[in-house]
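Reading the structure
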Amino acid sequence: MRLTRRDFGRFAASAIAVGANARAAEAESYPAHPVRIISGFPPGGINDTYARLIGQWLSEHLGQQFFVENRSGAGGTLAAEAVAKSAPDGYMLHLTTSADAWNASLYDKLNFNIIRDFAPVGTIARGPGLLVVHPSLPVKSVPELIAYVKNNPAKVTVASAGIGSAPHMYWELFRSVTGVEMVHVPYRGGGPAVTDLLGGQVLVYFGTFASTLQHVREDRLRALAVTSAKRAAVLPDVPALAEYLPGYEASIYVGIAAPHGTPSAVVEQLNKTINLAFVDANVSRRIADLGDAPLSLSSSEFAKLVIEETEKWRKVIVAGNIRAE
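Report on the accompanying structure. This structure is a prediction, so every number in the text was calculated from the model and none was measured.

Turning our attention to the pairing of strand S8 (residues 222–226). Most of S8 sits inside the fold, with 4 of its 5 residues counted as buried. Of the pairings in the sheet, the one linking strand S4 (residues 118–133) to S8 comprises 4 bridges and is antiparallel in character. Bridge pairing in S8 places leucine 131 opposite alanine 225.

What follows is the structure, given as structure tokens:
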């Protein structure tokens, strides 16, 4: 049988329609079996906490188990690569954070692109850092810290949770804005960094609220500023760095992403369900307890945020000539 051009056109159109209908039906029945949320960080940390918080919510509201799988290593890039290369069907999701935005510039060769290879699904929270110092350091404000560091070159140490960690990025942004130089001491994780900070082995730290807030409340550390553009509700008397350094803003977003090509109906369903979580007082309270704020964005707004954050941190990383170890 010989197909005419018109027959072929009708056949192709029918095939496209059948494929579209199949994808629509699949999205409508989603999820039909358990879903994995891949986190690039170890169990017990704040990223793991968020993965399990939103995983539980999705499980309760979509009728299938959303379970967390931790694939730590290489600053979260191993997990991101695994999801980027998975089937775009919504059954393997990525707990994505600002680390993915700055990893795009920290690592010379990645086998994925955070913008091209992912479909941003929905945001969960955004959290600032907290600039804290050991009480032995004779400063009580950001201007005093800057002056003290300049008057004591190469004597003030600033800890981080490792090259490319949030505390490191926050410090690098601070350094690029102020021009001050401290001795950077990278640790293998935030736990050891905070331990040495409490002991006075290091003096300055741009930590997460989760790792530092309780120590501030117990007067074991002195809070000088939050890294967000505005003051944090949990520490209303602590100024924002932007009050001293206009334009300074550094915070971590946390959200869910899927592989590029995931059906839009699946993305929309997940986004809608995630955003419903912020109406729930228990979810909002849990996020607030971590020192963060719920962040409700559409998938397109989330995509815009990822692009903006990737470019912002690229400039900081290039200016500081920073490379992942």
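Right, let's get into helix H11 (residues 299–319). Two residues of an α-helix separated by three or four positions point the same way, owing to the 3.6 residues in each turn. Here H11 spans 31 Å end to end across 21 residues, near enough to the 30 Å set by a 1.5 Å rise per residue. Along H11, the residues classified as buried are Phe302, Leu305, Val306, Glu309, Thr310, Trp313, Val316 and Ile317. Projected down its long axis, H11 shows its buried positions confined to an angular sector of 135 degrees, all on one face. Residues Ser300, Lys304, Lys315, Val318 and Ala319 are exposed on H11 and point more than 90 degrees away from its buried face. For H11, the secondary structure elements touched by its buried residues are strand S3 (92–97), helix H4 (98–106), S4, helix H6 (166–178) and strand S9 (251–259). Immediately downstream of H11, the backbone of asparagine 321 shows phi near 50 degrees, a positive value.

On to the side chain of serine 228. For serine 228, the location among the structural elements is in the loop between S8 and S9. For serine 228, a relative accessible area of 13% puts it in the buried group. Setting aside residues no more than four positions away along its own chain, serine 228 makes contact with Pro128, Ala240, Leu241, Ala242, Tyr248, Glu249 and Ala250.

Once that is clear, we can look at the packing of aromatic side chains. The tally for this structure, following the rule as stated, stands at 6 aromatic pairs. Measuring from centroid to centroid gives 5.5 Å for tryptophan 102 and tryptophan 313, while their planes differ by 80 degrees, and the two rings are edge-to-face. Pair noted here: tryptophan 102 is in helix H4 and tryptophan 313 is in helix H11, with a separation of 211 residues, a long-range link. Just as tryptophan 102 is buried, tryptophan 313 falls in that class too. Measuring from ring centre to ring centre gives 6.3 Å for tryptophan 171 and phenylalanine 174, while their planes differ by 35 degrees; the resulting arrangement is tilted. Residue tryptophan 171 and its partner phenylalanine 174 are located together in helix H6, separated by 3 residues, close to a single helical turn. A relative accessible area of 1% places phenylalanine 174 in the buried class. The structure contains a cluster of three or more aromatic residues connected by ring pairs, namely Trp171, Phe174 and Phe206.

Turning our eyes to something else, we now look at the nonpolar core. Ranked by size, the top nonpolar core spans 66 residues in total, and within it Phe174, Val204 and Phe206 carry the most contacts. Take this core: its biggest share by element is 7 residues, from helix H2 (residues 46–62). Setting aside anything within four residues of it in sequence, one finds phenylalanine 206 in contact with Leu130, Leu131, Val158, Pro167, Tyr170, Trp171, Phe174, Thr227, Leu241 and Tyr248. Membership of the second largest hydrophobic core comes to 20 residues, among which are Tyr205, Val226, Ala232 and Val238.

Cut-offs used in this document
Residues numbered from 1 in each chain as written. Predicted model: local features only at pLDDT ≥ 70, side-chain atom pairs only at ≥ 80, totals over all residues. Heavy atoms only, no water. Buried < 20%, exposed > 50% of the residue type's maximum accessible area, 1.4 Å probe, protein only. Helix = DSSP H or I, 4+ residues; strand = E, 2+ residues; numbered from the N terminus. Pairing = 2+ DSSP bridges. Expected span 1.5 Å × (residues − 1). Arc of directions from axis to C-beta. Contact = heavy atoms within 4.5 Å. Phe/Tyr/Trp six-rings, centres within 6.5 Å; stacked < 30°, edge-to-face > 60°. Core = buried A, V, L, I, M, F, W, Y, C linked by side-chain atoms within 4.5 Å.

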